[in-house]
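# Chains, contacts and geometry: an overview
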Amino acid sequence: MAPGKAGGLWATIRDNPSRPVEKNNWSDKLNETRKWLKHHDKPGETRALASFEAGLFILRAMDKWEPWTPAMIDFKDLWFSSPKLTRPEDYSLDK
């Protein structure tokens, strides 16, 4: 795993003061899902990912690498231009 970047894209998303939901609510859920993805060792155990959640995982991984490819830039532009994907308030904590 590459280290994160201070002031990078992920930090900007995570620490945005205008985020409509509390940081701990969705970041705790993201960390739970991240742990499941990294340490999934129970056959047959599944988990549904919301598009918001999947997009954040992709952006978080992209933030650790440079230079970005044209496809990575396209993904970032699409994610930030799609209101449904950038709305953590649509991310159900019950899933």
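Residues numbered from 1 in each chain as written. Predicted model: local features only at pLDDT ≥ 70, side-chain atom pairs only at ≥ 80, totals over all residues. Heavy atoms only, no water.

## With respect to the pattern of salt bridges
Pairing is possible between side chains of opposite charge, provided their charged atoms come close. Per the stated rule, a full pass over the model turns up one salt bridge. Asp77 serves as the salt-bridge partner of Lys76, at 3.1 Å between the closest nitrogen and oxygen. In this structure Lys76 comes out as partly exposed when scored by relative accessible area, which is 24%. (Salt bridge = Lys/Arg side-chain N within 4 Å of Asp/Glu carboxyl O. Buried < 20%, exposed > 50% of the residue type's maximum accessible area, 1.4 Å probe, protein only.)

## Quick word on unusual backbone geometry
That bond from Glu66 to Pro67 is cis: its omega, 0°, falls within 30 degrees of zero. Among the structural elements, Pro67 can be located in the loop between helix 3 (51–62) and helix 4 (70–81). (Helix = DSSP H or I, 4+ residues; strand = E, 2+ residues; numbered from the N terminus.)

## What to know about the nonpolar core
Leu9, Trp10, Ile13, Leu30, Phe52, Leu56, Phe57, Leu59, Met62, Met72 and Trp79 together form the largest nonpolar core, which totals 11 residues. Of all the secondary structure elements, the ones that give two or more residues to this core are helix 1 (9–14), helix 3 and helix 4. No other element matches the five residues that helix 3 contributes to this core. When neighbours within four sequence positions are excluded, Leu9 is seen to be in contact with Leu59, Asp63, Trp68, Lys76 and Phe80. (Core = buried A, V, L, I, M, F, W, Y, C linked by side-chain atoms within 4.5 Å. Contact = heavy atoms within 4.5 Å.)

## A closer look at the packing of helix 3 against helix 4
Remark: helix 3 packs on helix 4, axes separated minimally by 11 Å, with the N-to-C direction vectors making an angle of 140°. Comparing their axes, helix 4 and helix 3 come out oblique. Between helix 3 and helix 4 lies a crossing of left-handed hand. Where helix 3 approaches helix 4, its residues Ser51, Phe52, Gly55, Leu56, Ile58, Leu59 and Met62 are matched on the opposing element by Met72, Phe75, Lys76, Trp79 and Phe80. Taken together, the residues that form the contact of helix 3 with helix 4 break down as nine nonpolar, two polar and one charged. (Axes fitted to C-alpha atoms, helices over the stretch in contact; angles between N-to-C directions. Parallel < 35°, antiparallel > 145°, perpendicular 65-115°, else oblique. Left-handed = near helix turned anticlockwise from the far one by under 90°. Nonpolar A, V, L, I, M, F, W, Y, C, P; charged D, E, K, R; others polar.)

## Re the packing of aromatic side chains
In total, this model carries one aromatic pair according to the counting rule given. Their ring planes at 85° and their centres at 5.3 Å tell us that Trp79 and Phe80 sit as a pair that is edge-to-face. (Phe/Tyr/Trp six-rings, centres within 6.5 Å; stacked < 30°, edge-to-face > 60°.)

Just distances and angles here, no functional claims.
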